[in-house]
Amino acid sequence: MNPTIPHPSRLRVFVTGVKKLTLLLTLLCALSVSALNVFAENKVVTTGTVTESDKTYESVSDTAALFVTGSESSYSGTAITLIGTTNSGFAIYSGAAYLFSSTILNPSDTTGSIGTVNLNGTLHVYDSIAQGNHGGMAVIGEKSKLIADNFVVTTATTLAINIYYAGTAELRNSRVTVITDGGDGTVIGMWTNGTLKGDNLQVIHAGADGTGIINGGGGPIMLTNSEITASTGIVSLFSTISINLENTRINAGTGLDLRDTGDITIIGGAINSAGGNALLASSTARYDITISDHAAITGGITNTASGTLNVNLDASTLAGDIANTGGGTLTIILDNDSVGAGAFTGGNLIIGSDSAWNFTKDSAADLIDNHGVIHLGTPDHYIALRSDTISGDGTWFFPVNSDTGAKSTVTGSTAADSHPRGKLIVSGDGLRDPNSVVNTLVTGLNKENWIWDNFNWGLEEYTQDGHDADGNPHFIQRGTSPAGTVLNSAIAIQQAMWFAQQDSLLKRLGELRYGTRASRPPAGGTPALHNLIDNLWLRSYGQQLNVGGKVSGQAYEQLIYGVDLGTDHKFIISADSDLYLGVYAGYGRSDIDYRTPGTDGELNSSYGGLYATWLHSSGFYLDATVKAASVD
């Protein structure tokens, strides 16, 4: 063997991009061809058990680098390099092969592949890598299996792994990647009842239009703790399929592309298809999809054909627009604390008593057996909903502006025998008559059956008082709204805080009058700095007030607390009178807890001032204070 040419067994190729893959594998191919005349050997096992390590084998003519055949044959290799040039890196027919810490290469861009498992063969691969330039690997036959742990597969062509005719691939802690110049193709293909099982499996297509997994034969996909990154996550083509995703994440422009029929279970995990479709159905058949255990679906759900698409969310979230555009049936079901947000273009929405849907744009949807919560926009974003059928006793939140009359509305033709509950989210100061705004929130839909909660309109509270001649709800003033009563009590709240702060200062003035802390200046009556320091004082204060509704119109609890810091000096005016001058500053806070939810608050006050006390020996005194405060 020419000593100047390194043998391919010394090379370990790690792919990080198309150019690097092509360059390294081209080099590998050249080195292999150069050495072919001096070293070309493959390994054939037809019977018995072979165990070896640190070997390099290369495909010869039409035979794989490693060829295991016969039901009684077995091969076990450690640190083995298999090179598929004219043929594949391995071919396991009927027998079994075990590869540990090994490398499988397909350097040619015109011939060969990584390998094939066929005719009830089994390949076990651990802590190994496989890289192909022309072809990936195939698992063919009902009892044929690829079982791998910590296996990294990278190809520069489509279909890194192909599973045919009820073959099975079980991949744990592994990564399968396709990197193509054209940007399309598929990472893993399943045909005629092939089975894919993955645990902590990464499926990556680095191209712009690639697919992670394509199921063209109805076999099951079972992924746990795994991740798919591609333009399209999973495509189902033919026959009834079963897809089970547990704590698995799909990052794709289209998460699941559904073209036939099947049952899909998503437990935990997420589909991230923001701006695209998390679920896209184009089948005339039926898909039933269950999403549970806090799964997070981001992206639209679209049914473009005449088939049926049922999506049931259980304790999960959905953020995306819903569209039923092909004349079929599309139903979204929310249950067990599920929350959805988006617009509807056709389709049915069913909401359980503990779940909610937030409409984000004008929509058309039928709400069947609705017992949950529906939000029609936000106080600054109003929604028009068209709903030909409404049933159930769910709660509807209607944003309304009491000044401009802007509002969210529901329009329809019929409603089942139900009693929806309407609640208003009112913004503005209540400048308009509420009846002129509120009585047209619902048009059609047996509006006389709607039950409306009391609502606050500016400073007043309103309650429903039957219906007018047209069946619209009519409202009358019931009393003062919490905002009104809070406004009425605001002056008393500030006064209480002011008096608490003044009480702290008055206590200091009392101390001066009784001489408990005052100091006399030195002989001669000249003020001295140490007198001010000696009279430095610090006082904290606090109090709690419980005010009933009969007093202020709104019951509340007020907690006031703060601290004052000051200093003063004594001047002897005459033999029988003294004058004290001082300066102080403080900070106070008041926490207000109203009995009505949503009307709690707080006040913060920073303040400072001057004070003076004149005392006469006869007992007469005169106090004076000047104070400035900032309250927010």
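The next point concerns the overall build of the chain. Within the chain, the secondary structure is distributed over five helices and 52 strands. Looking at the chain residue by residue over its 632 residues, the buried ones come to 50%. Long-range contacts, defined as pairs at least 24 residues apart, comprise 49% of the intrachain contacts of the chain with a sequence gap of at least 6. Of the roughly 26800 Å² of accessible surface on the chain, 52% is carried by carbon and sulfur atoms.

Right, let's get into the pattern of salt bridges. Per the stated rule, a full pass over the model turns up 17 salt bridges. The closest approach of N and O atoms between Asp321 and Lys361, which form a salt bridge, is 2.9 Å. Residue Asp321 is found in the loop between β30 (317-319) and β31 (322-324), and its partner Lys361 is found in the loop between β35 (356-359) and β36 (363-367); the two are separated by 40 residues along the sequence. A residue is classified by how much of its surface remains accessible, and Asp321, at 33% relative accessible area, is partly exposed. Here Glu511 and Arg508 are joined by a salt bridge, their closest N and O atoms 3.0 Å apart. Of this pair, Glu511 and Arg508 both sit in helix α3 (residues 482-514), separated by three residues, roughly a single helical turn. Taken as a pair, Glu511 and Arg508 share a single burial class, namely buried. Here the residues in one salt-bridge network are Arg508, Glu511, Arg539 and Asp568, joined through shared partners.

With that settled, consider the environment of Ile374. Mapped onto the fold, Ile374 is located in strand β37 (residues 373-378). According to the relative accessible area criterion, Ile374 is buried, its value standing at 0%. Spatially, the C-alpha atoms of Ile374 and Phe397 are 6.1 Å apart, while their sequence positions differ by 23 residues. Non-local contacts of Ile374, meaning those with residues more than four positions away in its chain, are made with Ile351, Trp357, Phe359, Leu367, Thr395, Trp396 and Phe397.

Evaluation of the coordinates by the stated rule reveals 17 aromatic pairs. Judged by centre distance (5.4 Å) and plane angle (50°), the ring pair of Phe398 and Trp452 falls under tilted. In this pair, Phe398 is assigned in strand β40 (residues 395-401) and Trp452 in strand β44 (residues 451-452), connecting sequence segments 54 residues apart. Accessibility assignment for this pair places Phe398 and Trp452 in one class, buried.

Think of a ball as big as a water molecule: rolled over the atoms, this probe shows where empty space is left. The tally for this structure, following the rule as stated, stands at one cavity of 30 Å³ or more. Size it by volume and the largest cavity reaches roughly 30 Å³. Looking at the largest cavity, the residues that line it are Val438, Asn439, Leu441, Val442, Lys447, Trp450, Trp452, Asn472 and Pro473.

All right, on to a negative patch on the surface then. Negative charge collects at one region of the surface, where Glu246, Asp293, Asp314, Asp335, Asp337 and Asp354 lie side by side. Position of Asp335 relative to the elements: it lies in strand β32 (residues 329-335).

Before going further, it helps to spend a moment on the confidence of the model for the chain. Considering every residue of the chain, the mean pLDDT works out to 85; 85% of them sit at 70 or more. Predicted confidence is poor over residues 1-39, with pLDDT under 50, and the contacts of this stretch with residues over four places away or in other chains come to 54 contacts. Confidence drops under pLDDT 50 across residues 516-530; counting only partners more than four residues distant or on other chains, this segment forms 26 contacts.

It is worth spelling out the layout of surface pockets at this point. The calculated volume of the largest pocket comes to roughly 200 Å³. Along its surface, the largest pocket is lined by ten residues, and Leu424, Val426, Phe455, Asn456 and Trp457 are the ones closest to its centre. Counting residues per element, the ones that place at least two in the lining of the largest pocket are β42 (421-427) and β45 (455-457). With three residues, β45 is the largest single contributor of residues to the lining of the largest pocket. Residue classes in the lining of the largest pocket are distributed as five nonpolar, four polar and one charged.

Next up on the list: the nonpolar core. With 96 residues, the main nonpolar core has Phe90, Leu196, Ile213, Ile332, Trp396 and Phe398 as its most contacted residues. With 20 residues, the next largest nonpolar core counts Ile493, Tyr541, Leu603 and Leu615 among its residues.

Moving on: the sheet that holds strand β51 (residues 601-616). Taken in spatial order, the five strands make up an open sheet running β48-β49-β50-β51-β52, and their pairing is antiparallel. The open sheet has two free edges, formed respectively by β48 (537-547) and β52 (621-631), since each of these has just one partner strand. Here the average twist between neighbouring strands, direction ignored, is 20°.

All right, on to unusual backbone geometry then. One non-glycine residue with positive phi stands out, namely Asn173, at about 50°. Among the structural elements, Asn173 can be located in strand β15 (residues 168-178). What makes Asn173 partly exposed here is its relative accessible area of 39%. Its identity is not glycine, yet Asn247 carries a phi of approximately 50°, on the positive side. With respect to the helices and strands, Asn247 occurs in the loop between β22 (240-246) and β23 (249-251).

What follows is about the pairing of strand β25 (residues 261-267). Note: β22 against β25, seven bridges, orientation parallel. Counterpart to Ser242 in the pairing with β25 is Asp263.

We now examine the side chain of Ser73. Mapped onto the fold, Ser73 is located in the loop between β4 (66-69) and β5 (74-78). If we skip the residues at most four places from it in the chain, Ser73 touches Val45, Thr46, Thr47, Gly48, Val68, Gly95 and Ala96.

Direction of pairing for β48 relative to strand β49 (residues 556-574): antiparallel, over a ladder of eleven bridges. Pairing of Gly542 across the sheet is with Tyr561, part of β49. Pairing between β49 and strand β50 (residues 577-594): 18 bridges, direction antiparallel. Following the sheet pairing, Gly562 is matched in β50 by Gly588. What sits between the antiparallel neighbours β49 and β50 is a turn of two residues.

A few words on a nonpolar patch on the surface. On the surface, a cluster of nonpolar side chains totalling about 470 Å² of accessible area is made up of Leu536, Leu538, Val563, Leu565 and Tyr587. Inspection of the secondary structure assignment puts Leu538 in strand β48. Take Leu538: its relative accessible area is 64%, and that puts it in the exposed class.

Rules used throughout
- Residues numbered from 1 in each chain as written.
- Predicted model: local features only at pLDDT ≥ 70, side-chain atom pairs only at ≥ 80, totals over all residues.
- Heavy atoms only, no water.
- Helix = DSSP H or I, 4+ residues; strand = E, 2+ residues; numbered from the N terminus.
- Buried < 20%, exposed > 50% of the residue type's maximum accessible area, 1.4 Å probe, protein only.
- Contact = heavy atoms within 4.5 Å.
- Areas by Shrake-Rupley, 256 points an atom, 1.4 Å probe, with all protein chains shown as cover.
- Salt bridge = Lys/Arg side-chain N within 4 Å of Asp/Glu carboxyl O.
- Phe/Tyr/Trp six-rings, centres within 6.5 Å; stacked < 30°, edge-to-face > 60°.
- 1 Å grid on protein atoms, 1.4 Å probe; cavity = no way out; pocket = protein on both sides within 12 Å on 5 of 7 lines; lining within 4 Å.
- Points joined across faces, edges and corners; volume = space filled by probe spheres on them.
- Patch = residues over 30% accessible without salt bridge, like charges linked within 9 Å, V, L, I, M, F, W, Y side chains within 5 Å.
- Lys, Arg positive; Asp, Glu negative; His and termini not counted.
- Charge placed at Lys NZ, Arg CZ, Asp CG, Glu CD.
- pLDDT = per-residue confidence, 0-100.
- Nonpolar A, V, L, I, M, F, W, Y, C, P; charged D, E, K, R; others polar.
- Core = buried A, V, L, I, M, F, W, Y, C linked by side-chain atoms within 4.5 Å.
- Pairing = 2+ DSSP bridges.
- Axes fitted to C-alpha atoms, helices over the stretch in contact; angles between N-to-C directions.

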